[in-house]
Amino acid sequence: MQVIFTNHLLSRLKLRKIPKSLALKVYEQKEDALLDTVSKHYIGLSKQKLFSKIRLLVIAFDQFKDHVELVTLYPTTEREVNNKIKSGR
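These numbers come from a predicted model, not from an experiment.

Asker: What is the right way to look at the packing of aromatic side chains in this model?
Answerer: Centre distance and the angle of the planes are the two values used to describe a pair of aromatic rings. Inspection of every chain in the model, using the stated rule, returns two aromatic pairs. When the centroid spacing of 5.1 Å and the interplanar angle of 80° are considered together, the rings of Y27 and F61 count as edge-to-face. Of this pair, Y27 sits in helix α2 (residues 20–28) while F61 sits in strand β4 (residues 53–63), placing them 34 residues apart in sequence. Look at Y27 and you get buried, because its relative accessible area is 11%. Ring centres 5.8 Å apart and planes at 25° place the aromatic pair Y42 and F61 in the stacked group. Placement of Y42 in strand β3 (residues 42–50) and of F61 in strand β4 is noted, with a sequence separation of 19 residues between them.

Asker: What is the right way to read the sheet that holds strand β2 (residues 33–35) from this model?
Answerer: By definition, the strands of a sheet pair up through backbone hydrogen bonds, in either a parallel or an antiparallel sense. The strand order across the open sheet built from five strands is β1-β5-β4-β3-β2, with neighbouring strands paired in mixed fashion. Both edges of this open sheet fall to β1 (2–5) and β2, since each of them pairs with a single strand only. For this sheet, the mean inter-axis angle between neighbouring strands, taken without regard to orientation, is 40°. Docked against the sheet, helix α1 (residues 7–16) engages β1 and β5 (67–76), running at close to 30° with respect to β5. Across the sheet, α2 touches β1, β3, β4 and β5, and the angle it forms with β4 is around 75°.

Asker: It is not clear to me how α2 should be interpreted in this structure. Could you clarify?
Answerer: Residues spaced three or four apart along an α-helix point in a common direction, a consequence of the helix completing one turn every 3.6 residues. Among the residues of α2, those classed as buried are L22, A23, V26 and Y27. Burial along α2 is one-sided: seen end-on, the buried residues are contained in an arc of 140°. In α2, the exposed positions angled more than 90 degrees off the buried face are occupied by S21 and E28. Buried residues along α2 sit against β1, α1, β3, β4 and β5.

Asker: Quick question: what am I supposed to make of the side chain of T6 here?
Answerer: Inspection of the secondary structure puts T6 in the loop between β1 and α1. According to the relative accessible area criterion, T6 is buried, its value standing at 17%. With sequence-adjacent residues up to four places away left out, T6 is seen in contact with E69, L70 and V71.

Calculation notes
- Residues numbered from 1 in each chain as written.
- Predicted model: local features only at pLDDT ≥ 70, side-chain atom pairs only at ≥ 80, totals over all residues.
- Heavy atoms only, no water.
- Phe/Tyr/Trp six-rings, centres within 6.5 Å; stacked < 30°, edge-to-face > 60°.
- Helix = DSSP H or I, 4+ residues; strand = E, 2+ residues; numbered from the N terminus.
- Buried < 20%, exposed > 50% of the residue type's maximum accessible area, 1.4 Å probe, protein only.
- Pairing = 2+ DSSP bridges.
- Axes fitted to C-alpha atoms, helices over the stretch in contact; angles between N-to-C directions.
- Contact = heavy atoms within 4.5 Å.
- Arc of directions from axis to C-beta.

If you want it as C-alpha cells, here you go:
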C-alpha cells in the first residue's frame, strides 16, 4: 500500500527535527489504531527512540482503499493519551 506524507507532516517533521523514516516506522509499528472523534483521523501510538530516549509518539493518518496519508507526528505522554480517551476523544 502506498504511503503519502502530507505537507503538514513534512513541515512538522522539519520543525521537530524528526526523520521521515521514523514517521514511517511509527505508522508501521503502531500498537493500535483509534479514531479521534474530533479530528476524524486515525491515531496510532508507538514507543520509539527519539533524541536518545524512548518516547511515546502519536501518528495521525487517514486510511483509503489504495493508500494511507500520514497527517502529523508528535511526542506525547501516557497521561495525555489517557486524558483524551477519558474525554471521549
